[in-house]
Amino acid sequence: MINQSILMADDDADDRFLVQAAFEDNNIPHHILFFEDGEQLLNHLSTTSGDNAPSFILLDLNMPKRDGREVLKVLKSDKHLRSIPIIIFSTSKAPDDVNSSYFLGANSYVVKPSSYEHLKDVIQKISDFWLNTAMIPS
Amino acid sequence: MNLTSLQLLNRSLDERQLIWTIRFLFGISILLIIALSYSYHTINQELIHYSERVDHTQRTLIILEKTTSKFYQTIYHGRTYLLLRDEANKRAILENIRELNPLMDELDSLITPPPLNRRVKELDATMDQLYERTHVYWTDSTYSTNRQEQEALLREASVLIEQANRIINDLNKAETKLMHNRMQSRDNYKQQVYRYNWVIMLVALVFLSSSFILLDRELRRNNLYRIELENKVENLNRSNSELEQFAYVASHDLQEPLRKIQSFSDRLLLKHRHQLKDDALIMLDKINESAQRMQLLINDLLAFSRLVNPGYKAQQVDLNEVLEEVKNNLSETIKEQNAVIISAELPSLEAYPVQMTQLFQNLISNSIKYSKPEVSPRIAISYRLVGGAEIPDIKPAHKDLQFHRIEFADNGIGFSPEYAEKIFVIFQRLHGRDEFEGTGIGLAICRRVISNHNGYIIAEGQEGKGARFFIYLPLQPFIS
């Protein structure tokens, strides 16, 4: 098991299941932690120390309690947490959502694919880029 | 929908009739009032004239009476003087004669009609004669008192007096008669003036009250109409915002479960393909296919609903450029199918550019898609400016406008004329999905685009003989 983890916040259990399956099918060894809403994610991040910050966060936009936009705002204004790469992972294709996410500091925006094959491919690409291609803060 | 447009038509006809009725009534009333006022004026002038004449005659009669009285006084004093030789009588005679002169002058100026005036002159002459003949008696005290001479003189004087008396009587009679006539005329005109007063008042009253009633009725009707319109606008706004909400729901909530269906069937296939029997695999395939089709439908529905509120502004669009852009977009298909597109010079107009491109692209790709097998598609685009009256089923309010008429004619498979209206309905298709792919949104979008621009789109076709689409866009755009 690799030390650094990947976090995902999504209220949809099916989506969490499918994403986990995609990570497994792609043989990505990272530990993935799932959260059901923004509040859980923020609570988790507030208790972790700087040493084991996650490699990246997959963040859904529409969630109960604190939604993705709010979480994004909080994270990007926190001086310790703002360096964690955040990938918005949402069903919405609306230009408003895309633009406002980047405006708030999202590192990329990916629309949830509509087939599993496609999802597996997208997860492979995301991991490949953020874990192997891009340099991320350690 | 049809009912309301019929009501609107009736209403507009009603209004036209009403406007002309009001104009007609107004014109008639104005003419009547002017004519009546003119007659009233003339009659009033006559009345004033006759009143003046009556005054004049009255004055003449008074002067005539004064003259008569002075004349008889003179004669009375003359006779008394002859008998008594009293100096007082003599003074009175001279006094009276002095006063008679201006009275006679006045009579002369008052009585102007020649025959009567001649009589006045005669009277004057008679009086002068009488004076000439008799004045020596009271101016010269030494004059003979011979009785015979005196009698002769008195007889001569009597004749003259008699003559003067006759003239005075004649004048009196004539003037009295004149007075009577003139008074009658005056009273006559007075009565007419009185009648005219009433008639004018009545006409004005009828005109004013009918205008008031019409105006009042129209204002109240307009008010009702406005309220009705406001309600409709409110309903329209509500349904528009509901449609927008619906678009959001379609884009997000409907796609969510769909995505799950696809993802899980995908994963099922991926993970357990080897355990599944052939018929299970076919079923899974069907599930996937249906889900994909639903995805297409939702996307189309979304595209269609986004046309309701364009969210951007209309601008000057050169349709030739639009056509070029569309040819570019479709270049692969055009090449593949050997399609030929011939276009006349097209106009520039105020429009939503993206929507115009959508319109042209849908029409042209439709023509290419529904071409005859083995025949390369040929699309002819022609243009001319037409009056609104040429467009079938046009709204009455649009009849007087001018329209750009753009015709798309192809040599494709066409369609039966009975479907000319149906093909514009969303998701309506004339062919099975195995024959031609697609959801049936293209022409619905075309119609939506055209109605966004307050225009008309009409399809004409015959099975096997190609289709023709007519687009009518108003020359003076009124899109906000």
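Residues numbered from 1 in each chain as written. Chains lettered and ligands numbered in written order. Predicted model: local features only at pLDDT ≥ 70, side-chain atom pairs only at ≥ 80, totals over all residues. Heavy atoms only, no water.

**Concerning empty space enclosed by the protein**
Where empty space is left can be seen by rolling a probe of water-molecule size over the atoms.
Thought 1: In the structure shown here, the tally under the stated rule is one cavity of 30 Å³ or more.
Thought 2: Its volume calculated, the largest cavity comes out at about 40 Å³.
Thought 3: If you go around the largest cavity, the residues you meet are Asp15(A), Leu18(A), Val19(A), Phe89(A), Lys112(A), Pro113(A), Leu119(A), Arg259(B) and Ser263(B).
Thought 4: For the lining of the largest cavity, the elements supplying multiple residues, two or more each, are helix H1 (13-25) of chain A together with helix H5 (255-272) of chain B. (1 Å grid on protein atoms, 1.4 Å probe; cavity = no way out; pocket = protein on both sides within 12 Å on 5 of 7 lines; lining within 4 Å. Points joined across faces, edges and corners; volume = space filled by probe spheres on them. Helix = DSSP H or I, 4+ residues; strand = E, 2+ residues; numbered from the N terminus.)

**Examining the interface of chain B and chain A**
Thought 1: Between chain B and chain A, the residue contacts involve 12 residues of the former and 17 residues of the latter.
Thought 2: Contact between chain B and chain A buries roughly 1,500 Å² in total, counting both sides, with carbon and sulfur atoms accounting for 52%.
Thought 3: Between chain B and chain A we count four salt bridges in total.
Thought 4: Between Asp12(A) and Lys260(B) there is a salt bridge, and its shortest N-O distance comes to 2.3 Å.
Thought 5: Ranked by residue count, the leading element in the side of chain B that touches chain A is H5(B), at nine residues. (Contact = heavy atoms within 4.5 Å. Buried area = accessible area lost by both parts, 1.4 Å probe. Salt bridge = Lys/Arg side-chain N within 4 Å of Asp/Glu carboxyl O.)

**Some points on the nonpolar core**
All names here are of chain B.
Thought 1: Of all hydrophobic cores here, the largest spans 41 residues; its most connected members are Ile364 and Phe469.
Thought 2: Broken down by secondary-structure element, the contributors of at least two residues to this core are helix H7 (319-329), strand S3 (348-351), helix H9 (353-369), strand S4 (378-387), strand S5 (402-410), helix H10 (442-452), strand S6 (456-461) and strand S7 (467-474).
Thought 3: Each residue touching Phe469, except ones within four places of it in the same chain, is listed here: Leu363, Ile406, Glu407, Phe408, Phe415, Ile423, Phe424, Leu443, Ile458 and Ala459.
Thought 4: Core analysis: the next-biggest nonpolar cluster, separate from the first, contains 22 residues, Ile75, Leu100, Met127 and Ile161 among them. (Core = buried A, V, L, I, M, F, W, Y, C linked by side-chain atoms within 4.5 Å. Buried < 20%, exposed > 50% of the residue type's maximum accessible area, 1.4 Å probe, protein only.)

**Section: the layout of surface pockets**
Residues and elements named next belong to chain B.
Thought 1: By volume, the second largest pocket amounts to about 800 Å³.
Thought 2: Lining the second largest pocket are 32 residues, with Asn366, Lys369, Tyr370, Glu437 and Gly442 positioned closest to its centre.
Thought 3: Put simply, the parts of the chain that give the lining of the second largest pocket at least two residues each are helix H6 (278-306), H9, H10 and S7.
Thought 4: In terms of residues, the lining of the second largest pocket owes the most to one element, H9, which gives eight residues.
Thought 5: Considering only residue class, the lining of the second largest pocket consists of 12 nonpolar, 15 polar and five charged. (Nonpolar A, V, L, I, M, F, W, Y, C, P; charged D, E, K, R; others polar.)

**Brief notes about a nonpolar patch on the surface**
Thought 1: Together, Phe24(B), Leu25(B) and Ile28(B) make up an exposed nonpolar region whose accessible area comes to about 290 Å².
Thought 2: On the secondary structure map, Phe24(B) appears in helix H1 (residues 2-84). (Patch = residues over 30% accessible without salt bridge, like charges linked within 9 Å, V, L, I, M, F, W, Y side chains within 5 Å. Areas by Shrake-Rupley, 256 points an atom, 1.4 Å probe, with all protein chains shown as cover.)

**Re the packing of aromatic side chains**
All names here are of chain B.
Thought 1: As enumerated under the stated definition, the model contains 10 aromatic pairs over all chains in all.
Thought 2: Ring plane angle 55° and centroid distance 4.6 Å describe the contact between Tyr370 and Phe436, whose orientation is recorded as tilted. Of this pair, Tyr370 sits in the loop between H9 and S4 while Phe436 sits in the loop between S5 and H10, and the two are 66 residues apart along the sequence.
Thought 3: The exposure class assigned to Phe436 is buried, which follows from its relative accessible area of 15%.
Thought 4: Between Phe424 and Phe469, the ring centres sit 6.3 Å apart and the planes meet at 85°, which makes this aromatic pair edge-to-face. Taken together, the positions of Phe424 in the loop between S5 and H10 and Phe469 in strand S7 put the pair 45 residues apart, joining distant regions of the chain.
Thought 5: A relative accessible area of 4% means that Phe424 is categorised as buried. (Phe/Tyr/Trp six-rings, centres within 6.5 Å; stacked < 30°, edge-to-face > 60°.)

**Comments concerning the confidence of the model for chain A**
Thought 1: Considering every residue of chain A, the mean pLDDT works out to 88; 95% of them sit at 70 or more.
Thought 2: Confidence scores differ between elements of chain A, with helix H2 (residues 38-47) of chain A showing the lowest mean pLDDT of 88 and strand S5 (residues 108-111) of chain A the highest of 95. (pLDDT = per-residue confidence, 0-100.)

**Quick word on H7(B)**
All names here are of chain B.
Thought 1: Those residues of H7 that sit buried are Leu319, Asn320, Val322, Leu323 and Val326. Angular distribution of buried residues about the axis of H7 spans 155°; they occupy a single face of the element. Residues of H7 that are exposed and point over 90 degrees away from its buried face: Glu321 and Asn328.
Thought 2: Next to the buried residues of H7 lie strand S1 (315-318), strand S2 (340-343), S3, H9, S4 and S5. (Arc of directions from axis to C-beta.)

**A few points about the sheet that holds strand S1 (residues 5-9) of chain A**
All names here are of chain A.
Thought 1: Pairing within the open sheet is parallel, and its five strands lie in the order S2-S1-S3-S4-S5. On the outer flanks of this sheet lie strand S2 (31-35) and S5, each paired with one strand and no other. Geometrically, the sheet is characterised by an average inter-axis angle of 20° between neighbouring strands, direction not taken into account.
Thought 2: Note that S1 and S2 share five bridges and pair parallel. Paired with Leu7 across the two strands is Leu33, which belongs to S2.
Thought 3: Running at roughly 155° to S5, helix H4 (residues 95-103) makes contact with strand S4 (86-90) and S5 of the sheet.
Thought 4: Relative to strand S3 (residues 56-59), helix H5 (residues 116-133) is tilted by about 150°, and along the sheet it contacts S1, S3, S4 and S5. (Pairing = 2+ DSSP bridges. Axes fitted to C-alpha atoms, helices over the stretch in contact; angles between N-to-C directions.)

**Some thoughts on the packing of helix H4 (residues 147-251) of chain B against H6(B)**
All names here are of chain B.
Thought 1: Contact geometry for H4 and H6: axes closest at 10 Å, N-to-C directions at 155°. For the element pair H4 / H6, the angle class is roughly antiparallel. H4 and H6 meet at a crossing whose hand is left-handed. Judged by residue contacts, Phe246, Ala247, Ala250 and Ser251 of H4 engage Ile298, Leu301, Leu302 and Ser305 from H6.
Thought 2: When its residues are assigned to classes, the contact of H4 with H6 shows six nonpolar, two polar and no charged. (Parallel < 35°, antiparallel > 145°, perpendicular 65-115°, else oblique. Left-handed = near helix turned anticlockwise from the far one by under 90°.)

**Observations concerning the side chain of Thr74(B)**
All names here are of chain B.
Thought 1: Checked against the element boundaries, Thr74 lands in helix H1.
Thought 2: On the accessibility criterion, Thr74 (12% relative accessible area) is buried.
Thought 3: In this structure Thr74 touches Ile93, Asn96, Ile97 and Leu100, once residues within four positions along its chain are discounted.

**A closer look at the pattern of salt bridges**
Thought 1: Under the counting rule described, the total for this entry stands at 31 salt bridges over all chains.
Thought 2: The shortest N-O distance in the salt bridge between Arg259(B) and Asp15(A) comes to 2.9 Å. With Arg259(B) in helix H5 and Asp15(A) in helix H1, the pair connects residues from two separate chains.
Thought 3: The class for Asp15(A) is buried, based on a relative accessible area of 4%.
Thought 4: The salt bridge partner of Arg447(B) is Glu421(B), with a shortest N-O separation of 2.6 Å. Residue Arg447(B) is found in helix H10, and its partner Glu421(B) is found in the loop between S5 and H10; the two are separated by 26 residues along the sequence.
Thought 5: Given a relative accessible area of 28%, Arg447(B) falls into the partly exposed group.
Thought 6: One network of salt bridges, with partners in common, ties together Asp10(A), Asp15(A), Asp60(A), Lys112(A), Glu256(B) and Arg259(B).

**A look at the confidence of the model for chain B**
Thought 1: Residues at a pLDDT of 70 or more form 94% of chain B, whose mean pLDDT is 85.
Thought 2: Across the predicted assembly, pTM comes out at 0.56 and ipTM at 0.75.

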